[in-house]
Amino acid sequence: MSVTSEASTSWKGSLFEGSGEIALESSNQGPFRVDWKARSEGSTSVTTPEELIAAAHSSCFSMALSHALTENGTPPETVETTASVTFIPGTGITGSHLNVNAVVPGLSAEDFARIANEAKAGCPVSAALAGIEITLEATLG
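None of the values given here were measured: they were computed from a predicted structure.

Visitor: Help me understand the side chain of Ser58, please; the structure alone is not making it clear to me.
Guide: Residue position: Ser58 is located in helix α2 (residues 49-71). Classification of Ser58 by relative accessible area gives buried; the value is 14%. In contact with Ser58, other than residues within four places in its own chain, are Thr81, Thr82 and Ala83.

Visitor: I'm lost on the pattern of salt bridges in this one. Help?
Guide: Note on pairing: side chains with opposite charge can pair once their charged atoms come close. Tallied over the entire structure, the rule returns five salt bridges. Measuring nitrogen to oxygen at the nearest pair gives 3.9 Å for the salt bridge that ties Arg33 to Asp35. Using a relative accessible area of 46% as the deciding quantity, one classes Arg33 as partly exposed. You can call Asp35 buried: its relative accessible area is 15%. Between Glu41 and Lys37 there is a salt bridge, with the nearest N and O atoms lying 3.0 Å from each other. In this pair, Glu41 and Lys37 are both assigned in helix α1 (residues 36-41), four residues apart and thus about one turn of the helix distant. Across the pair, exposure class does not vary: Glu41 and Lys37 are exposed alike.

Visitor: It is not clear to me how the layout of surface pockets should be interpreted in this structure. Could you clarify?
Guide: With a probe scaled to a water molecule rolled over the atoms, the places where space remains empty come into view. Volume-wise, the largest pocket comes out at about 360 Å³. Lining the largest pocket we find 13 residues, and of these Glu6, Ala7, Leu24, Ser26 and Leu52 sit closest to its centre. Looking at the lining of the largest pocket, the elements that each hand over two or more residues are β2 (19-24) and α2. Among the residues making up the lining of the largest pocket, the classes are represented as six nonpolar, four polar and three charged.

Visitor: Help me understand the sheet that holds strand β4 (residues 78-88), please; the structure alone is not making it clear to me.
Guide: Each strand in a sheet pairs with its neighbour through backbone hydrogen bonds, running either in the same direction (parallel) or in the opposite one (antiparallel). Within the open sheet, the three strands sit side by side as β4-β5-β6. Their pairing is mixed. Of all the strands in the sheet, the pair left with one neighbour each is β4 and β6 (133-140). If you compare each strand with its neighbour and ignore which way they point, the axes differ by 15° on average. Lying on the sheet, α2 is in contact with β4, β5 (92-103) and β6; it crosses β4 at an angle near 150°. Taken strand by strand, helix α3 (residues 109-122) contacts β5 and β6, and its axis lies near 150° from that of β6.

Visitor: Honestly, the side chain of Thr47 in this entry has me stumped. Any pointers?
Guide: Mapped onto the secondary structure, Thr47 falls in the loop between α1 and α2. A polar contact of 2.4 Å, which involves the side chain of Thr47, links it to the side chain of Glu51.

Definitions and cut-offs
Residues numbered from 1 in each chain as written. Predicted model: local features only at pLDDT ≥ 70, side-chain atom pairs only at ≥ 80, totals over all residues. Heavy atoms only, no water. Helix = DSSP H or I, 4+ residues; strand = E, 2+ residues; numbered from the N terminus. Buried < 20%, exposed > 50% of the residue type's maximum accessible area, 1.4 Å probe, protein only. Contact = heavy atoms within 4.5 Å. Salt bridge = Lys/Arg side-chain N within 4 Å of Asp/Glu carboxyl O. 1 Å grid on protein atoms, 1.4 Å probe; cavity = no way out; pocket = protein on both sides within 12 Å on 5 of 7 lines; lining within 4 Å. Points joined across faces, edges and corners; volume = space filled by probe spheres on them. Nonpolar A, V, L, I, M, F, W, Y, C, P; charged D, E, K, R; others polar. Pairing = 2+ DSSP bridges. Axes fitted to C-alpha atoms, helices over the stretch in contact; angles between N-to-C directions. Polar contact = N/O pair within 3.5 Å; in protein donor to acceptor, adjacent residues only side chain to side chain.

Geometry only, nothing functional implied.
Encoded structure:
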């Protein structure tokens with residue numbers, strides 16, 4: 001069975017002067033504002049496509065890692081992941097850096113690094129982002 005998720009954007013105006021609102025199908029939050037200034041200069045109050053990609057990547061990787069650790073016989077107590085997606089105006093999205101810290105009783109740092117790298121490669125969002133560099137910093141807490 002396939003699952004389709006939706007988000008919608010309503011945009012008004014030109015790229016540089018305009019702005020939009022993003023609605024997530026599942027969310028009672030928002031709408032989320034989006035505009036070029038935030039995308040090209042950064043913002044803590046307006047979202048960007050890259051922030052949404054980062055949310056997708058961090059959540060997908062956390063699920064993939066949790067599953068891989070459980071399959072290894074070492075289920076995690078916690079998995080905390082931050083994805084940092086880089087955008088360069090005129091170039092595009094250039095990379096996603098995953099920074100994960102997990103508490104996994106009974107697992108060596110070497111095995112954790114191996115399993116985290118396998119999860120990075122097996123994460124469906126990582127596969128969708130195959131055109132950019134994906135890096136990983138994994139810490140066992």
